[in-house]
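Examining the three-dimensional arrangement
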Amino acid sequence: MTALLVKSTVAMLGALLLVLMARRSRASLRHLILTALFAFLLLLPVVQRIAPALQIPVSAATLDATGAKPVAAMLAQPEQVDANATNAPSAKALHWASIATRVYLFMATFLLVSLAVGVLRLRRLANDAEVWLEGTARMNEIAVEANIRRSALVVVSNEVAVPLTFGFRRSTIVMPIAARQWSADELSRALRHELEHVRREDWMLQLAARAACAFYWPHPLVWMAWRRFCLEAERACDDAVVRSSEPAAYAGQLVSLARNLRGFSTVPALGMASRSKLAQRVDAIPDPNQRRGPHGDFAAATVLVLLLVLLVGVAPARLIAAVTE
C-alpha cells in the first residue's frame, strides 16, 4: 500500500506539473497528459500485482526511513516475528487500520455505484427525450464540415438546462427545450462544441477518470487532477468553436447558459457550460496568444511512450536492501 501511495503521488505531481508548464499550449495536449495520468492510476495496481518485480537495491537506512524494511520483514517471515516485540502493531493500531479499510471500501463502492446510477439516469433521460430532426440535420452538416465521422443523435429534453453529450456505441446530444428558439449561430456553436466531445471520445474518458477517482478518493491530488481534467476537456471543445465562430458571441453564450443552471448536475455527462471554472474558460476564449486545435501525432506518441515507461519501469519497482560485503 505504501508503494502504491508513493508511486501514484509521484505520478500525479508529475502530471500536474507538466500541465502547469504547458499552460500556454493547446488544451487538448493538457487533457491528453491528464488522460495518461488516469490510465496509469487505473493500471498501476494491476501491473504492480502481476508484473515481475523490478528490484531496486537501496541502503538499509533508506528502507528504515521509508518504513518498508520492517513491513517487508513481517510479510516475508511472519513466523519469526515476536508477538511481544516493540515494533509489532498493537491491537489498537490494528483496530483503527480495520476501521480505515472499511471506510475506504465503503466510499469507493459508494462512488462507483453512484457513477453506475448516473449512467442509468442518462439512459432514462435519452429514452424520455424527443428526437429533434431539425437539430440532427444541422448536426450532420456541421459534422461533415468538421470531418467528424462519429454518429450522433440530437434530442431535446426539459430536464436539462444546457447541452449534454454521452453515449457508448452512438453518442447522444441532449439539448434543452429552449434550443428550439435559439438563433442559427447559437445552435451551430452549441452543436459544434458537443460534436467535439464526440470526436474526442470525452465521455468514455470521463467515465474512466471517475473510476480512478473512486479508487484513489482519499488522495487530494486525484481530485485536483479530476477538476483540471474536466476543465481542459471543455477548453479543448471551446477552441474548436472559437476557430470557426466569433469569440465574443460564444463567450456570451456560455455565460448566458451558466446563468440558467440550478444546483449541481447529478449525471455523469459533459455539459457545455457550468459555473465551475467558467471565468477561466471565458478569459481564454478571446486570448490571441492561446494556441488552439487538436494535439499532433508527435505529442500523442510522446505521452504514450511516457505512459509505457512508467508502467514498465515504475509500477513493478520494489525497494530491497542492498547486499553489503
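See above for the structure.
Residues numbered from 1 in each chain as written. Predicted model: local features only at pLDDT ≥ 70, side-chain atom pairs only at ≥ 80, totals over all residues. Heavy atoms only, no water.

A closer look at the packing of helix 2 (residues 27-50) against helix 8 (residues 202-215)
Two numbers describe how helix 2 lies on helix 8: the axes approach to 9 Å, and their chain directions differ by 45°. The angle between helix 2 and helix 8 falls in the class oblique. Where helix 2 crosses over helix 8, the handedness of that crossing is left-handed. Of the residues in helix 8, those touching helix 2 at H31, T35, F38 and L42 are D202, L205, A208, A209, A211, A212, C213 and F215. In terms of residue class, the contact of helix 2 with helix 8 is made up of 9 nonpolar, 2 polar and 1 charged. (Axes fitted to C-alpha atoms, helices over the stretch in contact; angles between N-to-C directions. Helix = DSSP H or I, 4+ residues; strand = E, 2+ residues; numbered from the N terminus. Parallel < 35°, antiparallel > 145°, perpendicular 65-115°, else oblique. Left-handed = near helix turned anticlockwise from the far one by under 90°. Contact = heavy atoms within 4.5 Å. Nonpolar A, V, L, I, M, F, W, Y, C, P; charged D, E, K, R; others polar.)

A word on helix 6 (residues 133-145)
The end-to-end C-alpha distance of helix 6 is 19 Å, a good match for the 18 Å that 13 residues give at a rise of 1.5 Å each. Taken together, the buried positions of helix 6 are G135, T136, M139, I142 and A143. Burial along helix 6 is one-sided: seen end-on, the buried residues are contained in an arc of 120°. The outward face of helix 6, more than 90 degrees from its buried face, is lined by the exposed residues L133, E134, V144 and E145. For helix 6, the secondary structure elements touched by its buried residues are strand 3 (152-157), strand 5 (171-176) and helix 7 (184-200). Positioned one or two residues after helix 6, N147 has a phi angle of 60°, which is positive. (Expected span 1.5 Å × (residues − 1). Buried < 20%, exposed > 50% of the residue type's maximum accessible area, 1.4 Å probe, protein only. Arc of directions from axis to C-beta.)

A closer look at the side chain of E234
Turning to its location among the elements, E234 is positioned in helix 9 (residues 220-242). Judged by relative accessible area, which is 9%, E234 ranks as buried. Setting aside anything within four residues of it in sequence, one finds E234 in contact with H193, H197, L270, G271, M272 and R281.

Some words on the pattern of salt bridges
Applying the stated criterion to the full structure yields 14 salt bridges. Between E141 and R138 there is a salt bridge whose closest N-O contact spans 2.9 Å. On the criterion of helical spacing, the pair formed by E141 and R138 is a turn pair, its members being 3 residues apart in helix 6. The exposure class of E141 is partly exposed, given its relative accessible area of 44%. As a salt-bridge pair, R150 and E201 come within 2.5 Å of each other at their nearest N and O atoms. Highlighted residues: R150 in the loop between helix 6 and strand 3 and E201 in the loop between helix 7 and helix 8, separated in sequence by 51 residues. One salt-bridge network, in which partners are shared between bridges, spans R30, R228 and E232. (Salt bridge = Lys/Arg side-chain N within 4 Å of Asp/Glu carboxyl O.)

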